[in-house]
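# Descriptive structure summary
Below, each chain spelled out in residue letters.
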Amino acid sequence: METHMDSTTVALWMSAIKDVVRRVSAHRFLQHSQQSVTVHDLPPDAGPVFGHWMSIILLAGQGIRFTFKVHYQTKEVMTLAKSIISATDHTEELSKAADFMREYCNLLAGSLKASLLEKEVDLGISLPIVIRGFDDVFSEKKRSSAEYFHDSWALQAESGKVICVLSVNVYANQLLDRLAKVTFNETTQDEASDMEFL
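So, here is what we can say about the structure in this document. Because the structure is predicted, anything quoted here is derived from the model rather than measured.

## Concerning the overall build of the protein chain
- What the protein chain contains, in helices and strands, is 5 helices and 7 strands.
- When burial is assessed residue by residue, the protein chain has 46% of its 198 residues classed as buried.
- Restricting to contacts in the protein chain with at least 6 residues of sequence separation, those with at least 24 account for 74%.

## Description of unusual backbone geometry
- In the Ramachandran plot, Gln34 falls in the positive-phi region, its phi being about 65° despite a non-glycine side chain.
- Assignment of secondary structure puts Gln34 in the loop between α1 (7–33) and β1 (38–41).
- Its identity as a non-glycine residue notwithstanding, Glu120 has a phi of 65°, on the positive side.
- Structurally, Glu120 can be placed in the loop between α3 (90–117) and β4 (124–125).

## With respect to the nonpolar core
- In terms of nonpolar packing, the biggest core is built from 48 residues, with Ile17, Phe66 and Phe68 touching the most fellow members.
- Counting residues per element, the ones that place at least two in this core are α1, β2 (53–61), β3 (64–72), α2 (74–80), α3, β6 (147–157), β7 (160–170) and α4 (176–179).
- Ranked by residue count, the leading element in this core is α3, at 10 residues.
- Residues contacting Phe68, with those up to four places away along its chain left out, are Val21, Ser55, Ile56, Ile57, Tyr104, Cys105, Leu108, Trp153, Cys164, Val165 and Leu166.

## Points about the pairing of β7
- The buried fraction of β7 is high, at 10 of 11 residues.
- In this structure, β3 lies alongside β7, joined through 8 bridges in antiparallel fashion. Counted as the bridge partner of Ile64 is Val170 from β7.
- In this structure, β6 lies alongside β7, joined through 11 bridges in antiparallel fashion. Bridge assignment links Ser152 to a residue of β7, and that residue is Val165.
- Hairpin connection between β6 and β7: a loop of 2 residues separates the two successive antiparallel strands.

## Quick notes on the environment of Ile85
- Mapped onto the fold, Ile85 is located in the loop between α2 and α3.
- For Ile85, a relative accessible area of 16% puts it in the buried group.
- The spatial distance from the C-alpha of Ile85 to the C-alpha of Lys96 is 7.1 Å, given a sequence separation of 11 residues.

## Some thoughts on the side chain of Ser111
- Relative to the helices and strands, Ser111 resides in helix α3.
- Taking relative accessible area as the criterion, Ser111 reaches 0% and is therefore assigned buried.
- In this structure the side chain of Ser111 is engaged in a polar contact, spanning 2.7 Å, whose partner is the side chain of Arg28.

## Observations concerning the side chain of His32
- Note that His32 resides in helix α1.
- In this structure, His32 is in contact with Ile84, Phe100, Glu103, Tyr104 and Leu107, ignoring residues within four places of it in sequence.

## Looking at the pattern of salt bridges
- For the coordinates displayed, the defined rule picks out 7 salt bridges.
- For Asp41, the salt bridge goes to Arg22, with nearest N and O atoms at 2.6 Å. On the criterion of sequence distance, the pair formed by Asp41 in strand β1 and Arg22 in helix α1 is long-range, its members being 19 residues apart.
- Of the residues examined, Asp41 reaches a relative accessible area of 55% and is grouped as exposed.
- The closest approach of N and O atoms between Lys96 and Glu92, which form a salt bridge, is 3.2 Å. Taken together, the residues Lys96 and Glu92, both in helix α3 and 4 residues apart, mark about one turn of the helix.
- For Lys96, a relative accessible area of 28% gives the class partly exposed.
- Taken together, the salt bridges that share partners define one network made up of Arg22, Asp41 and Asp151.

Analysis parameters
Residue numbers run consecutively from 1 along every chain, following the written order of its sequence. With pLDDT at 70 or above as the cut-off, local features in this predicted model cover only qualifying residues; side-chain atom pairs require 80 or more to be listed or tallied, and sums for whole chains, interfaces and linings still use all residues. Hydrogens and waters are ignored; side-chain quantities use all the structure's heavy atoms. Per the convention used, a helix needs a DSSP run of H or I reaching at least four residues, while a strand needs a run of E reaching at least two, with both numbered from the N terminus. In this scheme, a residue with accessible area under 20% of its type's maximum is buried, one over 50% is exposed, and one in between is partly exposed, where area comes from a 1.4 Å probe on protein chains only. Two residues qualify as a contact provided that any one of their heavy atoms is within 4.5 Å of a heavy atom in the partner residue. In this description, a nonpolar core means a group of buried Ala, Val, Leu, Ile, Met, Phe, Trp, Tyr and Cys residues linked to one another through side-chain atoms lying within 4.5 Å. Strands qualify as paired when DSSP identifies two bridges or more between them. In the analysis that follows, any N or O atom pair within 3.5 Å is treated as a polar contact, provided that within protein one partner can donate a hydrogen and the other can accept it, and provided that, for residues neighboring in sequence, both atoms belong to side chains. Here, a salt bridge means any side-chain nitrogen of Lys or Arg that lies within 4 Å of a carboxyl oxygen of Asp or Glu.

Treat this as a map of the structure, not an account of what it does.
Here is the structure:
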């Protein structure tokens with residue numbers, strides 16, 4: 001028989017994950033683009049399409065799954081990352097922006113994995129992909145019977161923004177206490193930069 005955690009425990013793990021992932025997303029974007037960003041809430045009815053393109057990465061382990069998406073416009077990414085990437089034509093811009101966003105997803109996923117591993121929650125990481133943002137309209141939106149969390153926010157810089165969307169499904173209630181104790185550790189995040197992705 002399926003059991004659910006009390007509302008206080010659920011609120012604690014959701015708050016912890018929201019705080020950690022948002023802070024990791026801003027920290028990693030600063031490191032990756034050399035541009036400072038601020039985190040902004042999105043209205044509850046925003047989306048599901050936020051940009052022409054969307055990069056996606058999955059993290060999953062026994063009893064838990066994270067889906068992280070970043071919606072973006074190519075021109076904005078090229079401007080945001082102008083200190084480290086450039087292109088001579090539109091085709092190259094598309095390729096460079098996609099590579100930049102895939103690597104950003106890799107960095108964020110590595111940082112999140114490191115933070116969760118400190119609480120003995122071990123996750124595997126998929127390869128990141130880039131697809132059209134409009135395809136998110138067709139993605140499955142149903143909440144399963146598992147504990148479920150969804151969050152979306154903007155990373156805003158002076159020269160543009162990207163939109164981040166996180167979905168978490170937890171199928172093993174014994175993980176929730178550990179998730180509630182996850183914290184943002186800048187040293188851990190920086191050490192995660194040395195992770196190798198296959």
